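# Report on the structure
Now for the letters of each chain:
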Amino acid sequence: MTSRLMEIKGLTIKDQSGTVLVDNVSVGLNDKEFVGIVGESGSGKSLTTQALLNVLPKSLQAEYEQLTLMDRSVEGMDAAQIRALVGREIGFVPQNTVSFLHPLIKIKHQIGDAYMHHMKKSREAAYDKACRLLSKVGIKDPDRVMNSYPFQISGGMKQRVNIALALMTDPKVIIADEPTTALDTVIQRQVMDLFDTMNRQEGVPILFISHDLNIIRKYCSRVYVMYKGKLVESGSTELVFSRPEHPYTRQLLDSTMTIK
Ligand SMILES: Nc1ncnc2c1ncn2[C@@H]1O[C@H](COP(=O)(O)OP(=O)(O)OP(=O)(O)O)[C@@H](O)[C@H]1O
């Protein structure tokens with residue numbers, strides 16, 4: 001069986017009481033792909049993604065058959081090696097933008113430090129690159145944002161700071177968990193087009209978590225559908241959406257069509 005660039009196989013996650021939160025899920029990403037994971041709130045999308053990046057909360061127990069990061073099995077790697085690999089090569093945009101940023105540290109330090117550390121760059125180079133990326137995600141006054149504390153900027157700004165932060169190290173893979181939820185449609189479009197350009201022009205593979213079927217349909221070539229901790233369907237987006245097999249996928253498509 002061939003393995004993917006990024007992959008977790010047979011993942012089961014339980015909480016402290018033994019309740020199964022994610023049940024035997026396998027997801028993967030090939031080189032150059034733009035892949036979506038879709039499902040309602042609480043279906044296990046975020047936990048699956050966190051397990052793939054080895055950043056699950058310690059209170060949860062995860063078991064899996066295989067974890068592959070950047071084409072390499074993590075078997076035999078220690079925690080520091082995995083952290084370095086993830087930090088250097090994978091750009092992760094987490095869902096919870098509020099708690100991800102440290103409240104007492106100015107944005108310019110938070111956005112620049114990983115870049116200086118992983119890429120061995122100067123503070124000035126980090127500042128310039130961060131401003132360029134903030135402009136790309138639609139921030140018109142990057143200097144002001146850079147010199148702010150997180151509480152001084154809006155939720156949508158924080159979300160865009162997180163996206164810029166994930167892109168600082170020119171990641172070889174992007175994993176984004178609902179990165180555009182707090183953004184208005186114009187900015188959402190700008191951010192999605194930025195991801196799309198990175199994927200098409202630079203071949204950066206992207207794993208994209210969303211509950212928005214329209215976004216998934218527009219950008220992703222392959223999709224996983226999660227429901228109540230299980231993977232209920234997967235395949236090419238076109239096929240899954242034109243001939244959904246699972247009742248939940250059908251329901252999801254019907255509800256989207258009603259709204260639109
Ligand atoms: N740290 C945790 N401890 C206990 N249960 C958790 C924890 N994190 C998530 N859960 C539970 O696990 C289930 C899956 O959560 P997860 O965040 O992966 O869902 P999701 O599909 O990403 O939903 P959303 O889009 O709302 O984030 C939910 O029932 C959630 O309440």
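Residues numbered from 1 in each chain as written. Predicted model: local features only at pLDDT ≥ 70, side-chain atom pairs only at ≥ 80, totals over all residues. Heavy atoms only, no water.

- Looking at an unreviewed UniProt entry, one finds the chain named ABC transporter domain-containing protein, with Paenibacillus antibioticophila as its source organism.
- UniProt lists a comment for the chain under the heading Subcellular location (unreviewed entry), and it reads "Cell membrane".
- Looking at the Sequence similarities (unreviewed entry) heading of the UniProt record, one finds this comment for the chain: "Belongs to the ABC transporter superfamily." (UniProt positions renumbered as here; feature names shortened; annotations may be inferred.)

## Notes on the overall build of the chain
- If you tally the helices and strands in the chain, you get 11 helices and 11 strands.
- For the chain, the C-alpha radius of gyration of 18 Å lies close to 18 Å, the compact-globule estimate for 260 residues.
- A principal-axis box enclosing the C-alpha atoms of the chain has dimensions of 50 × 50 × 40 Å.
- Relative to its full complement of 260 residues, the chain shows a buried share of 51%.
- A separation threshold of at least 6 residues defines the contact pool for the chain, and within that pool the share at least 24 residues apart is 64%.
- Approximately 13000 Å² of the chain is accessible, and the part contributed by carbon and sulfur atoms is 50%.
- If the 32 positive side-chain charges of the chain are averaged to one point and the 29 negative ones to another, these points end up 4 Å apart. (Helix = DSSP H or I, 4+ residues; strand = E, 2+ residues; numbered from the N terminus. Rg over C-alpha atoms; globule rule 2.2 N^0.38 Å. Buried < 20%, exposed > 50% of the residue type's maximum accessible area, 1.4 Å probe, protein only. Contact = heavy atoms within 4.5 Å. Areas by Shrake-Rupley, 256 points an atom, 1.4 Å probe, with all protein chains shown as cover. Lys, Arg positive; Asp, Glu negative; His and termini not counted. Charge placed at Lys NZ, Arg CZ, Asp CG, Glu CD.)

## Points about the sheet that holds strand β10 (residues 222-227)
- As summarised here, the arrangement of the six strands in space is β7-β8-β9-β3-β10-β11, forming an open sheet in which the pairing is mixed. Among the strands making up the open sheet, the edge pair consists of β7 (90-93) and β11 (230-236). The average angle at which neighbouring strand axes cross in this sheet is 15°, direction not considered.
- Summarising the sheet, strand β3 (residues 34-39) and strand β9 (residues 206-210) pair through five bridges and their orientation is parallel. Within β9, the position partnered with G36 by the bridge is F208.
- Against the sheet, helix α2 (residues 79-89) contacts β7 and β8 (173-177), and its axis sits at roughly 80° relative to β7. (Pairing = 2+ DSSP bridges. Axes fitted to C-alpha atoms, helices over the stretch in contact; angles between N-to-C directions.)

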